[in-house]
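Results of the structural survey
Below are the chains, spelled out letter by letter.
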Amino acid sequence: QVHLVESGGGLVQAGGSLRLSCAASGIIFSINSMGWYRQSPGKQRELVATITSGGRTNYADSVKGRFTISRDNAKNTVYLQMNRLKPEDTAVYYCNGVVVQFTTQNYWGQGTQVTVSS
């Protein structure tokens with residue numbers, strides 16, 4: 001069993017910054033892609049950013065230039081630095097990891113709330 005635990009969410013004013021962290025624990029041989037997704041009330045979960053084990057990144061157009069994803073492979077941890085936050089960034093942010101164990105499985109964290117006030 002693998003657990004992904006997010007931290008770093010909270011309430012911030014528009015224009016401010018937050019840094020999310022997500023640590024994976026359990027039986028892990030390696031982690032391929034890690035990423036962040038978000039979901040607002042009444043909307044589908046959407047991709048925010050992903051990063052491969054080699055450091056290749058992908059961002060949603062809505063966050064390009066404001067958010068930065070990074071990871072520490074030795075710690076099985078992924079980060080999301082969010083700058084110049086906007087009220088429309090308000091959502092529950094979920095961590096995702098494609099974990100290689102005896103098989104390869106997709107895992108999700110429990111989510112962390114990010115609220116940006118105007």
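Residues numbered from 1 in each chain as written. Predicted model: local features only at pLDDT ≥ 70, side-chain atom pairs only at ≥ 80, totals over all residues. Heavy atoms only, no water.

If you tally the helices and strands in the chain, you get 0 helices and 11 strands. Taken from N to C terminus, the helices and strands of the chain fall in the order β-β-β-β-β-β-β-β-β-β-β. Taken along the three principal axes of its C-alpha coordinates, the chain extends 45 × 25 × 20 Å. In the chain, the share of contacts with a sequence separation of at least 24, taken over all contacts with a separation of at least 6, comes to 54%. Element-wise, carbon and sulfur atoms account for 49% of the exposed surface of the chain, whose accessible area totals about 6,200 Å². (Helix = DSSP H or I, 4+ residues; strand = E, 2+ residues; numbered from the N terminus. Contact = heavy atoms within 4.5 Å. Areas by Shrake-Rupley, 256 points an atom, 1.4 Å probe, with all protein chains shown as cover.)

Okay, the sheet that holds strand β7 (residues 67-72) next. The strand order across the open sheet formed by 4 strands is β1-β3-β8-β7, and the pairing between neighbours is antiparallel. In this open sheet, the two strands that pair with only one neighbour each are β1 (2-7) and β7. With strand direction ignored, the average angle separating the axes of adjacent strands in the sheet is 15°. In the sheet, β7 pairs with strand β8 (residues 77-82) via 6 bridges, with the strands oriented antiparallel. Bridge pairing in β8 links Ile69 to Leu80. (Pairing = 2+ DSSP bridges. Axes fitted to C-alpha atoms, helices over the stretch in contact; angles between N-to-C directions.)

Before going further, it helps to spend a moment on a nonpolar patch on the surface. Side chains of Ile27, Phe29 and Phe102 sit close together on the surface and give an oily, nonpolar patch of about 380 Å² of accessible area. With respect to the helices and strands, Phe29 occurs in the loop between β3 (18-26) and β4 (30-39). (Patch = residues over 30% accessible without salt bridge, like charges linked within 9 Å, V, L, I, M, F, W, Y side chains within 5 Å. Salt bridge = Lys/Arg side-chain N within 4 Å of Asp/Glu carboxyl O.)

Core analysis: the biggest nonpolar cluster contains 30 residues, and Trp36, Leu80, Met82 and Tyr93 have the highest contact counts within it. Secondary-structure elements contributing two or more residues to this core are β1, β3, β4, β5 (46-51), β7, β8, β9 (91-100) and β11 (112-117). (Core = buried A, V, L, I, M, F, W, Y, C linked by side-chain atoms within 4.5 Å. Buried < 20%, exposed > 50% of the residue type's maximum accessible area, 1.4 Å probe, protein only.)

Under the criterion given, the structure shown has 4 salt bridges. Arg38 is the salt-bridge partner of Asp89, the closest N and O atoms lying 3.0 Å from each other. A residue pair is termed long-range when its members are at least 10 positions apart, and Asp89 in the loop between β8 and β9 and Arg38 in strand β4 qualify at 51 residues. The pair formed by Asp89 and Arg38 is uniform in burial state, with each residue classed as buried. Residues Asp61 and Lys64 are paired through a salt bridge, measuring 3.1 Å at the closest nitrogen-oxygen approach. Its relative accessible area of 64% is what places Asp61 among the exposed residues.

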